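Coordinates in review
Residue strings, one per chain:
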Amino acid sequence: MGFSTDAIHAGQEPDPATGAVSVPIYQTSTYAQTELGRDKGFDYARSINPTRLALERSLAALEGGKSAFAFSSGMAAITTVMMLLKAGDHVISSANTYGGTYRLFVHIFQQFGISFSFVDTSRTEQIRHALRPETRLVYVETPTNPMMEITDLEAVVVICRERNLISVCDNTFMSPFLQRPLALGFDIVVHSTTKFINGHSDSVGGAIITARPEHGERIGFAQNSAGAILGPMDSFLVLRGIKTLGVRMQRHDANGRALAALLADHPRVGQVYYPGLPDHPGHEIAVRQMDGFGAMIALDLGSLEAARAFLNGLRIFTLAESLGGVESLACHPASMTHAAVPQEDRQRMGLTDGLARLSVGIEDLEDLEEDVERGLAAMKS
Ligand SMILES: Cc1ncc(COP(=O)(O)O)c(C=O)c1O
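Residues numbered from 1 in each chain as written. Predicted model: local features only at pLDDT ≥ 70, side-chain atom pairs only at ≥ 80, totals over all residues. Heavy atoms only, no water.

A look at the packing of helix α2 (residues 50-63) against helix α9 (residues 232-242)
Running from N to C, α2 and α9 point in directions that differ by 35°, and their axes come no closer than 8 Å. Considering how the two elements wind past one another, α2 and α9 form a crossing that is left-handed. Judged by residue contacts, T51, R52, A54, L55, S58, L59 and L62 of α2 engage P232, S235, F236, V238, L239 and I242 from α9. When the residues that make up the contact of α2 with α9 are grouped by side-chain class, the tally is nine nonpolar, three polar and one charged. (Axes fitted to C-alpha atoms, helices over the stretch in contact; angles between N-to-C directions. Helix = DSSP H or I, 4+ residues; strand = E, 2+ residues; numbered from the N terminus. Left-handed = near helix turned anticlockwise from the far one by under 90°. Contact = heavy atoms within 4.5 Å. Nonpolar A, V, L, I, M, F, W, Y, C, P; charged D, E, K, R; others polar.)

Spelled out as structure tokens, the structure:
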């Protein structure tokens, strides 16, 4: 089946109880048992819920995984992945991840005796140099948030297979429409479904998709034990969003490419970080492992004042945290999404105070181009 056929049908068969074509919102916490020790496959809604189950089946199909698990946020999903580890284990992670991921690793999981090396995973040799006997997991975000660095997923798989490490990819920026890490040999994909997968900025959620049955079993156990599940209403919303994921991503990608080209040529803009630009250091890998370049663009405007003028000058792009919705959003990573990352680490990765990040929506391109020009014009020359 093609991607959009799966997006509309996989896991979303008509409801067996009523024939409802749209998966119903099973807003229940428990299920009547037919007799002692016998139920209809559903016992308690933290463990299993038909609306969530439909979403999990849909996500497994789209990412090409064996099983999928839906969570109350992207961070809940990442937290649950880390429950595969124990005290003494070591993790190698992309240095430039979403700021909340960094915060979770450093300020929560380090307390439990898990250690981390943060490296530039776009340079695979840095992963090799960070390997230790106790390394258990490699965690990559690609493209990274917000610097848009590209990690060669197949090269990471080679290292992880040699050393029997769990490979985890945060695929939030691409969605399974544009990148499928499991098909390239990764073990686990995580998502903030809050972003492109739901796509309408009306639900916070997360997901884990696993390729190996042993990981699926342990993640399922952790999901039920820790309990950070996605509720039925949000599961319904994400299912609804998924139905248009293919068409939305095509439009996001087309708008993203066009705006990145405009910005790259603009005299008021410094560096533009977008993997579709031929001079992006990860461009060739992006062409190989992605089916498009997506809608996330970072641009360096030279100073905090310039970034402020630009962001305040926009009218269609809304100044807000988050990304991946149908509406265009803009943010200032240093003071918003990545404020949790220490300033010296931000500087090291190029995340300057003059950096702005755009999540390009699916509005009419001409309006978005005009808006970006308006923002740039608001900067003092
Ligand atoms: C790449 C990435 N991963 C994970 C998260 C966390 O997801 P959530 O906000 O749904 O907890 C985010 C949030 O911005 C993100 O951008």
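Description of the domain arrangement of the protein
One frequently used descriptor of interface size is the decrease in accessible area upon assembly of the parts. Each assigned domain of the protein is listed with its residue range as follows: domain 1 (3-242) and domain 2 (245-377). Spacing between the C-alpha centres of domain 1 and domain 2 amounts to 25 Å. Contact between domain 1 and domain 2 buries roughly 3,200 Å² in total, counting both sides, with carbon and sulfur atoms accounting for 65%. For the pair domain 1 and domain 2, the interface holds two salt bridges. With a shortest N-O distance of 2.7 Å, D291 and R180 are connected by a salt bridge. Summed over the shared surface of domain 1 and domain 2, the result is 18 residue pairs in polar contact (both at pLDDT 80 or more). Only α1 (3-9), α4 (99-108), α6 (153-163), α7 (175-178) and α9 provide two or more residues apiece to the side of domain 1 that touches domain 2. If one sorts the elements of the side of domain 1 that touches domain 2 by residue count, α7 sits on top with four residues. Class assignment for the residues of the side of domain 1 that touches domain 2 results in 20 nonpolar, 15 polar and six charged. (Domains from an automatic or database assignment. Buried area = accessible area lost by both parts, 1.4 Å probe. Salt bridge = Lys/Arg side-chain N within 4 Å of Asp/Glu carboxyl O. Polar contact = N/O pair within 3.5 Å; in protein donor to acceptor, adjacent residues only side chain to side chain.)

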